[in-house]
Structures are given as C-alpha cells and as structure tokens.
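Fold and geometry: a report
As a plain string of letters, each chain reads:
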Amino acid sequence: MGNKRFTKLFIPDTKIHLWIMALFVLIIAYYNLLIGSMSIFVLIYFIYYNWKAQHYRKEKWTKYIENLSSDIDSVTRYAVLNLPVPLAVIEFDGSISWYNSKFCEMIDTKDILEKNIEDLISGFKINNILQNKENVAVEVTIKDRHYKVLYNIVKTSANDEERYIIMLYWIDITNFQNLKVKYNEEKPVVMFVQVDNYDDVLNNTEEANRPLVVAEIDRRIGLWASRMNASIQKYQKDKYIIFLENQYLERLEAKKFTILDEIREIQVGNQIPITLSIGVGMNGKNPAQLEEYAKAAMDLALGRGGDQAVVKKIRTLNFYGGKTKAVEKRNKVKARVIAHALRQLIDQSKEVVIMGHKFPDMDSFGAALGVYRAAKNRGKDAYIVLNGVNEAIKNLFDRIKEHEVYMFITSEELINRISEDTLVVVVDTHRPNFTQCPEALDKADRIVLIDHHRRGEEFIDNAVLTYLEPYASSTSELVSEILQYMEEKISIEKIEAEALLAGITVDTKHFSFKTGVRTFEAASWLRRAGADTTSVRQLFQDDLNTFVAIADVVKNAKEIRKNIALSVCSTGIQNASLVAAQAADELLDIRGITASFVLGVRENDEVIISGRSLGDINVQVILEKLGGGGHLTVAGAQLKDKTIEEAIEMLEKAIDEYFEEGEA
C-alpha cells in the first residue's frame, strides 16, 4: 500500500503543479510585492486555463462514450438481426413477440407473430423453461432435425413498466445426435453361449443320431449369429463366443432371446430337450471389461439353472427365459469333488461354524446338522448359528435338545469367536443379507457355500468353495451326497438322517415337486442310515391352532387372473411363515389352480409372501420383481416397511408385468 502512494508522487498531475506555483508566488510576494502581484495574475491565468482544458476533455470523452454506445447498439442490433442461428423472443404465456429469418426457415411457417410457440412446435413446453432452475438446455425435434434450446430470461422496460421476455436460441445438433445414435448402435457386445446339458443329451441319444444333434445345434446357433451379422467362434464342444453390435442386442431383448425356444425344439433323435445358457456383456470400457461382464452374466445364468439369457450392463442385470426346470445332472463327479475339497478345508480348520438363513426351515436346519456331522467325524469342534427357534423347526429342535452333543451359538457369539482358522459353511441360501449373521461373512477368511436356489443378483462372492446346484430338490439332498463321499464308511446319527430326510421332504412337498433320480437315491441312503419315515412325518405335525389358521387362509382365498389363488394370513398369527407356506401348498390342491400366493406378517412387522406353482407359471420370476427368489415352482419374498394392502398391490402389479412380458 505504501509503495503505491510513493509511486503516485511521480505521476504527472496539474493540480500539484499549481500548488507548487502558488507556494513560490507567496514566497516572491513576501520579498517583492510588485513582482509577487504580477505572479498572482499569472497564477490565476494558469488556474483558469487548467479548468478550461479539463472541461474540454470531459466534453470530448462524454461525446466519445455516447458515440461508442450508439455504435455498440448498432452492432448489437445487426448481430441479433443477422444471427446465424434461429432466434425467437417469447412472452411468459408462450406468445411469439419477435423472431429472425432463421427461426422462420426452421419451422417453415409464415405469419407466426403473436402465435403460441407450443402450437407451432410439438413437444416444446414453456413450463420446462420456467421451472428449470439450473438453466439446463431443452432438446426438441422439428421435422427430423434435433435442436438444443438455449434461453435467457431478460428484464425489459416499456412505458416505465418492468416486464420479462424469454430469448430462445435454437442450436442444431442433428449431426451430433446422428453420431450418438450410430455410436450406440455400433457399440461392441460380447456374448457367451453354452449348451447346458450337452453330455446328457448325447449320452441319451442313439449313436447314429449324435452327429445330427451336434450338427443341428451348430447350424441353428450359426444361423442365429449370421442374422445379427455377428462373429461366432466355437471354442469348446458345447461353448461359443459371439461378437455383435449393440443394435442387434436390442432386437434380441425385444424378442426375449427366441433362440432359447428354437434350440429347445430340436428333435433329431435326442430324447432330452436341449437348453442354452447365454451371458451377455455390454457397456464395458474396453474389450477386457466386456468379457468380464459376459462371464459374470454366464455364471449367473448357470447358477439360476440354465435355459436363460442374462444381460449385464455395468450394474444392471436383465433376465430372459428360465421357463423350464433345471435339468437334473445324473453324474455325481462334482459331488465327489466337492466332498473331497470340503474335507480338506475342514481338516485345515480349527473349528467349523454352520449358518443357514434367517427364520430357518427344515431344509436349512437339516443341512446344517448334516455338515455338523461331517465336521465332528473329522474330529473338529462345530457350532450351528441359531438366533431363535420358529414353528417350522420346533419339533426337530425339541428332539435335538435331548442330545447334548450339538452346540448352538448366536450371531453375536459368532462375531466374537470367529478367527482366521474358522471355517464358515453357509447352507440353503446364497444371499448375504439372508444369513443368520451377514457381518460374519465380511470377517471370515474361509467360507463354503452349499445351496440349491436359483442364483440371484445378491451373492456371496468371497466363498473359497461354492456348491450351487439349482437342479437339486433341496440343500439336504446336496449335503446327503457330500456325506457319502466324505469318508469310506460314514457315521451318521439317526436324528441327523431324519433331519436330512425331513429337509428333502419339505422342499419336494413329500416328493411331488423337483424330485429326480438323485433325490430318491439320497432318500434311500438316509433310510439305510436309520431314518424312520414315520418319525419324519411326525416332525411335520402342527398344533390345532396352526391347522385351523391354514384352513382359514384356504377358505378366504380368492382367484386373481385365471388359475391364480391369492390369500392373506389373519393378523396376530405367531407362525405366519409356516402358515403361509403350507397354505400356499394346500391351495394347489384346488382344481383349476396352477399358482398360489399367500401373504402374512411376521412378529417384526415384515410382510412375507409364499409363492407356489405347478410349473406353468414361474413364481420365482414374479417374486424376484419384489426382491425375493427361489425356484420355478417354489419361491418367497420379504417386504419391509410395507402394509399388507401395499404388498398385495405390488404383487398384483408384478403378476401383471409377468403376463405382459409373455413369460407365462
């Protein structure tokens, strides 16, 4: 600040000169009055001259500014009148008060003054501008041309009254939009295609017809790819990789991957229908990421039982197909491999913790007891995580309590005792949030997953060993097979065999649903291990109140759409989950009913939905829309912070969407 003042002293200033001259005149007058008097007259002249010069310069500067403003106004008017882009001035009510020639050419209409712009340009709404607080550009289409509308709201004054007008600048972005569309259409897409049951199909086909089956599969997939102008490469006997453009993928999604049905219709001597799994990756940053997305989609398609296509778009997943039941795998090689791998993991661990899903059912609890026996047979300490006993497992748990060898812990105790030497085995669920203790999955270093549900978007990704087989009737069936291969001579208690058999029984609805050859083989082995079918049946006995509650649900059921039954459990029922599940099963016994849904409310005010089907309607796809999951014939969902009325509305909407999408 001081430097600026010092520097200012050296800048020429007439006033300073006059003050210095006045000082010298006073000194001269002091010594010589005559000369001083003459000097005063000279000083007065210089003061007058300085005032006159400054006044003249001010007039010249004012005139220059006025002329410059006039020039700017002329330039502005010329620029506005000859603006190379369409320009229109409108009032707040949309009436046009002024426009240039480019705007007139753009809409190809004359005599538009005072007309409403919304009438001239369809799709343009003045409210979009008035309500747009962030001044975001508006885009409209006029006669196959695309425009970005920039605008200014200007305050003007007319007759001493303030008013506002809107200036609209129409920027032609047609070339950009065409380039954008072309880019989206030509974006690369990677697709993996796999024949789900290749070996089983050929093994059940006469040798003379096997080449025909293989040739027909290759022909149909090749023809399908050629219709998309795609590049296809068969890199294994049952696997293909296809590169195509995004525009063809949009058509595939619109038609819901009809290739799934075309392959299933192949009949050239094969006794088993052929199914495909398709994994599609798109919107990746580079080819490597596209391949990663496609592989993740393929894993999800296979984990859900095959015969479907999964499209992965970064974080979005779309599902198509999945209308048929998962084909049972008759080869038990994988079960033997899993059993040996699980045995090694148990041997390398200090202790084993088994965890099922929240509100465990007989399948979850029976599978947990089976893994518990596998750990004890290897000489390891084992614990089952159980936060509470519900009606579904109460009868079995009461029997288990009589045997003091079984150790149960809560989720809080699990968090405190888990270490790097702890093996956590998750059974009958693959969703982290559905487990008894989701926090343990983040803390555990070694996790084993055994499940039979069709894979959903939420999945335990950090498992060191995953055994997910949607074809299986139950997790108890998978655990029973694992136990047979764990040791040459397996030792299993009678109550454990009955628990596993009860798990198979409840998930197959007494061997009427999802029952294959391996299901009966597992049940036969459990029977030889000491399971008593009468004792197992007693595990499913209900008290009188539960039986009456189930009867009331069936009695109050109503038919929605055609062949679909819907009912609601009465409020205040203690075991709503059990009543809803059993009532949904009972509703399928009614003639003409092919699918049923029963809703109930748990003690924590969570709405639960049990869905059942005879196979014509995929209840899993319906309840997945509500965040649930399961199988084609058996599925469930849980809704938080929803009333029964809201849940029914959501369910009916999901059912309508299911039929509108043509999935039935």
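Conventions used here
- Residues numbered from 1 in each chain as written.
- Predicted model: local features only at pLDDT ≥ 70, side-chain atom pairs only at ≥ 80, totals over all residues.
- Heavy atoms only, no water.
- Helix = DSSP H or I, 4+ residues; strand = E, 2+ residues; numbered from the N terminus.
- Rg over C-alpha atoms; globule rule 2.2 N^0.38 Å.
- Contact = heavy atoms within 4.5 Å.
- Areas by Shrake-Rupley, 256 points an atom, 1.4 Å probe, with all protein chains shown as cover.
- Lys, Arg positive; Asp, Glu negative; His and termini not counted.
- Charge placed at Lys NZ, Arg CZ, Asp CG, Glu CD.
- Axes fitted to C-alpha atoms, helices over the stretch in contact; angles between N-to-C directions.
- Parallel < 35°, antiparallel > 145°, perpendicular 65-115°, else oblique.
- Nonpolar A, V, L, I, M, F, W, Y, C, P; charged D, E, K, R; others polar.
- Buried < 20%, exposed > 50% of the residue type's maximum accessible area, 1.4 Å probe, protein only.
- Left-handed = near helix turned anticlockwise from the far one by under 90°.
- Patch = residues over 30% accessible without salt bridge, like charges linked within 9 Å, V, L, I, M, F, W, Y side chains within 5 Å.
- Salt bridge = Lys/Arg side-chain N within 4 Å of Asp/Glu carboxyl O.
- UniProt positions renumbered as here; feature names shortened; annotations may be inferred.
- Pairing = 2+ DSSP bridges.
- Right-handed = clockwise from strand over helix to strand, strands pointing away.
- Phe/Tyr/Trp six-rings, centres within 6.5 Å; stacked < 30°, edge-to-face > 60°.
- Lys NZ or Arg CZ within 6 Å of the ring centre and 35° of its normal.
- Core = buried A, V, L, I, M, F, W, Y, C linked by side-chain atoms within 4.5 Å.
- Polar contact = N/O pair within 3.5 Å; in protein donor to acceptor, adjacent residues only side chain to side chain.

1. Examining the overall build of the chain
When its secondary structure is counted, the chain shows 25 helices and 23 strands. Here the chain has a C-alpha radius of gyration of 41 Å; the compact-globule value for 664 residues is 26 Å, and the former is much larger. On the principal axes, the C-alpha backbone points of the chain span a range of 145 × 65 × 55 Å. Across the chain, contacts joining residues at least 24 apart in sequence account for 63% of those joining residues at least 6 apart. Of the roughly 35,600 Å² of accessible surface on the chain, a fraction of 52% belongs to carbon and sulfur atoms. Charged side chains in the chain number 82 positive and 95 negative. The centres of these two groups are separated by 5 Å.

2. A short note on the packing of helix α18 (residues 475-486) against helix α19 (residues 494-508)
Interaxial distance between α18 and α19 falls to 8 Å at its minimum, and their mutual angle equals 140°. The orientation of α18 relative to α19 falls into the category oblique. Contact residues: S476, E477, V479, S480 and L483 in α18; L500, G503 and I504 in α19. Tallied by class, residues from the contact of α18 with α19 come to four nonpolar, three polar and one charged.

3. Describing helix α10 (residues 246-254)
Restricting attention to buried positions, one finds in α10 the residues N246, Q247, Y248, L249, L252 and E253. Looking one or two residues beyond α10, the residue adopting positive phi is K256, at roughly 60°.

4. A word on the packing of helix α14 (residues 362-377) against α19
Two elements in contact, α14 and α19, have axes separated by 8 Å at closest approach and are oriented at 150°. Considering how the two elements wind past one another, α14 and α19 form a crossing that is left-handed. When α14 is examined against α19, the residues M362, D363, G366, A367, L369, G370 and R373 are found in contact with a partner set consisting of E496, A499, L500, A502, G503, V506 and D507. Here the residues of the contact of α14 with α19 sort into seven nonpolar, three polar and four charged.

5. As for a negative patch on the surface
Taken together, the side chains of E412, E413, E439 and D442 define an acidic patch exposed on the protein surface. Elements with a contribution of two residues or more to the negative patch: α16 (411-417) and α17 (438-443). Here E412 is to be found in helix α16.

6. Quick look at unusual backbone geometry
Trans is the common state for peptide bonds, and a negative phi is the common state for residues other than glycine. Residue D144 is not a glycine yet carries a positive backbone phi of 65°. With a relative accessible area of 70%, D144 lands in the exposed category. Even without being glycine, F359 reaches a positive phi, approximately 50°. For F359, the position within the fold is in the loop between β12 (351-355) and α14.

7. Here we look at the pattern of salt bridges
Applying the stated criterion to the full structure yields 26 salt bridges. K182 is paired through a salt bridge with E186; the nearest N and O atoms lie 2.8 Å apart. Taken together, the residues K182 and E186, both in helix α7 (residues 174-186) and four residues apart, mark about one turn of the helix. We classify K182 as partly exposed; its relative accessible area is 44%. Between D585 and R612 there is a salt bridge whose closest N-O contact spans 2.8 Å. Of the two residues, D585 sits in helix α23 (residues 576-587) while R612 sits in strand β21 (residues 607-613), which places them 27 residues apart along the sequence. Where salt bridges share partners, they join E216, R219 and R220 into one cluster.

8. Thoughts on the UniProt feature "transmembrane region" (unreviewed entry) in the chain
Taken from the UniProt record, the annotation "transmembrane region" (unreviewed entry) applies to residues 20-48. For residues 20-48, the helix share is 97%, the strand share is 0%, and the end-to-end C-alpha distance is 16 Å.

9. Overview of the pairing of strand β20 (residues 595-601)
Regular strands place their side chains on alternate faces of the sheet. A large share of β20 lies buried, amounting to six of its seven residues. Here five bridges tie strand β19 (residues 564-568) to β20, and the two strands are oriented parallel to one another. Paired with A565 across the strands is S596, a residue of β20. Handedness of the β19-α23-β20 crossover: right-handed. Sheet topology note: the β20/β21 ladder contains seven bridges and is antiparallel. Across the sheet, F597 pairs through a bridge with G611, a residue of β21. Between β20 and the antiparallel strand that follows it, β21, lie five residues; D605 among them carries a positive phi value of about 65°.

10. Focus: the sheet that holds β20
Across the sheet, which stays open at both edges, the six strands sit in the order β18-β19-β20-β21-β23-β22 with mixed pairing between neighbours. If you trace the sheet from one side to the other, it starts and ends with β18 (558-560) and β22 (629-630), each paired once. Pairing geometry for β22 and strand β23 (residues 634-639), over two bridges, is antiparallel. In the strand pairing of β23, G629 is matched with G636.

11. Concerning the environment of I129
Residue placement: I129 occurs in helix α6 (residues 126-130). I129 sits 20 residues away from V149 along the chain, and the two C-alpha atoms are 9.6 Å apart.

12. Here's the deal with the UniProt feature "domain: GGDEF" (unreviewed entry) in the chain
Summarizing the sequence annotation, UniProt attributes the feature "domain: GGDEF" (unreviewed entry) to residues 186-314 in the numbering used throughout. Overall, residues 186-314 shows 43% helix and 26% strand. The separation of its end C-alpha atoms is 18 Å.

13. Observations concerning the packing of aromatic side chains
Evaluation of the coordinates by the stated rule reveals eleven aromatic pairs. When the ring of Y99 is compared with that of F103, the centres are 6.4 Å apart and the planes differ by 45°; the resulting orientation is tilted. Residue Y99 is classed as partly exposed on the basis of its relative accessible area of 24%. For F103, a relative accessible area of 0% corresponds to the buried category. Ring geometry for F511 and F520: centres 5.6 Å apart, planes at 20°, overall stacked. Every member of this aromatic cluster is reached through a ring pair, and the members are Y99, F103, F124 and W170. Over the aromatic face of F459 sits the side chain of R455, whose NZ or CZ is 3.9 Å from the ring centroid.

14. Thoughts on the nonpolar core
One broad rule of soluble globular proteins: the nonpolar side chains tend to lie buried together. Counting residues in each nonpolar core, the largest one holds 54 residues, and the members touching the most others are I354, L396, V425 and I450. Counting 34 residues, the second-largest nonpolar core is a separate cluster that includes V201, I221, L249 and V311.

15. Some thoughts on the side chain of R518
Summarising the element assignment, R518 is placed in helix α20 (residues 517-528). Of the polar contacts made by the side chain of R518, one reaches the side chain of E481; its length is 2.6 Å.

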